Amino acid sequence: MSRPPGKNAAIRRAILGIVAALILVATLFPAGAPLDDWTFWCLTCGDRGIGDAVANLLLFLPLGVAFGVAGMGIAWAWAAGTAFSLAIELAQLIIPGRWSTLGDVVFNGLGAALGCYLVGVSGWMLRPSEGKAPWLSLVAGGVAAAAFLAPAFLLSPSLVRSAPSGVWSPRVTESDSDQGRVLEARLGKLQMPPFRFEESDSVRAMLLAGVPLEILVQAGDPPPSVVPLMTVVDSK
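Residues numbered from 1 in each chain as written. Predicted model: local features only at pLDDT ≥ 70, side-chain atom pairs only at ≥ 80, totals over all residues. Heavy atoms only, no water.

Enquirer: Go over the overall build of the protein, please, and point to the residues and values.
Expert: Secondary structure summary: the protein contains six helices and five strands in total. Taken from the N to the C terminus, the helices and strands of the protein come in the order α-α-α-α-α-β-β-β-α-β-β. Residues classed as buried in the protein amount to 27% of the 236 residues present. Contacts spanning at least 24 positions in sequence make up 74% of the contacts within the protein whose residues lie at least 6 apart. Total accessible area on the protein stands at roughly 15300 Å², and carbon and sulfur atoms take up 67% of it. (Helix = DSSP H or I, 4+ residues; strand = E, 2+ residues; numbered from the N terminus. Buried < 20%, exposed > 50% of the residue type's maximum accessible area, 1.4 Å probe, protein only. Contact = heavy atoms within 4.5 Å. Areas by Shrake-Rupley, 256 points an atom, 1.4 Å probe, with all protein chains shown as cover.)

Quick look at the structure:
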């Protein structure tokens, strides 16, 4: 027995409403702290810009799937997803700990369009013809490989993009007990002072080249927690 058309439409609207509600819950609650270099017009903001772009695309992917299941075309799904994202970004302007960017709107809209597209091609992807099956397997293998390699790329540390500055700690702890001390720090043959580096360009080049950093420490009482012996920071 087939389900009445009206019941199918109600189920599709319910799925669409649930997905939209989950996106609102994920985006409209106060969270985190604003970026230091925040600006609305950037597409990929800060050091985690690429990761944020991927996250924004994936966030609206289920919404695009819901649009596709409801019978909406890709262009309409993109427009509706972009409009929904823009409304969210405008609301985030007054929510503490949230920031609005053009990149969020762009990648949210692309995510909605991609989700709708996947619904359209799901039939031949799940039941491919004999001619398309080998190519589809090749693509699936590439996607699986990318899924393993992408996290390693996105989560790899970013070391000293610009001329660094730094300082080492003459006193390891601030307590009155027998304190440990940093007596000397050396990067290769370069003596590192206990204050900002004057030869920052040379320090950057040696750090990127893997020159060993040696620190001479006088032991003392164990510190109450992990403490830095030397700090090297990007000037930006």
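Now, onward.
Enquirer: Outline the pattern of salt bridges, supporting the account with residue identities and numerical values.
Expert: Tallying each qualifying case throughout the model produces one salt bridge. Close ionic contact of R186 with E184 constitutes a salt bridge, the shortest N to O distance being 2.9 Å. According to the relative accessible area criterion, R186 is partly exposed, its value standing at 26%. (Salt bridge = Lys/Arg side-chain N within 4 Å of Asp/Glu carboxyl O.)

Enquirer: Give me helix α6 (residues 200–209): which residues, what numbers.
Expert: Every buried residue belonging to α6 is among S200, V203 and L207, and all of these are buried. Along the axis of α6, the buried residues cluster in a sector spanning 55 degrees; they form a single face. Of the residues in α6, the exposed ones pointing more than 90 degrees away from the buried face are D201 and A209. For α6, the secondary structure elements touched by its buried residues are β1 (164–168), β2 (181–187), β3 (190–192) and β5 (230–234). (Arc of directions from axis to C-beta.)

Enquirer: Quick one: what's the story with the sheet that holds β3, residue by residue and with numbers?
Expert: As summarised here, the arrangement of the three strands in space is β3-β2-β4, forming an open sheet in which the pairing is antiparallel. Here the strands that pair on one side only, and so sit at the sheet edges, are β3 and β4 (213–218). Sheet twist, expressed as the average angle between the axes of neighbouring strands with direction ignored, equals 25 degrees. Judged from the three bridges that link them, β2 and β3 form a sheet pairing that is antiparallel. Counted as the bridge partner of A185 is M192 from β3. (Pairing = 2+ DSSP bridges. Axes fitted to C-alpha atoms, helices over the stretch in contact; angles between N-to-C directions.)

Enquirer: Before we move on, could you go through a nonpolar patch on the surface and cite the residues and values that matter?
Expert: A surface patch of nonpolar side chains, about 350 Å² in accessible area, is lined by L43, W78, V106 and L110. Looking at the element boundaries, L110 is found in helix α4 (residues 102–126). (Patch = residues over 30% accessible without salt bridge, like charges linked within 9 Å, V, L, I, M, F, W, Y side chains within 5 Å.)

Enquirer: Hey, could you go over the environment of L59 for me, with residue numbers and the actual values?
Expert: Mapped onto the elements, L59 comes out in helix α2 (residues 49–69). Taking the C-alpha atoms as reference, L59 lies 9.8 Å from L22; in sequence the two are 37 residues apart. In contact with L59, not counting residues within four places along its chain, are I23, T27 and N108.

Enquirer: If you had to explain the packing of α2 against helix α3 (residues 74–92) to someone new, which residues and values would you point to?
Expert: The interhelical angle for the contact between α2 and α3, taken along N-to-C directions, is 135 degrees, at an axis separation of 10 Å. What the angle tells us is that α2 and α3 run oblique. Handedness of the α2/α3 crossing: right-handed. Across from F60, L63 and F67 in α2, the residues of α3 making contact are A77, A80, G81, F84, S85 and I88. In the contact of α2 with α3, the residues fall into seven nonpolar, two polar and no charged. (Parallel < 35°, antiparallel > 145°, perpendicular 65-115°, else oblique. Left-handed = near helix turned anticlockwise from the far one by under 90°. Nonpolar A, V, L, I, M, F, W, Y, C, P; charged D, E, K, R; others polar.)

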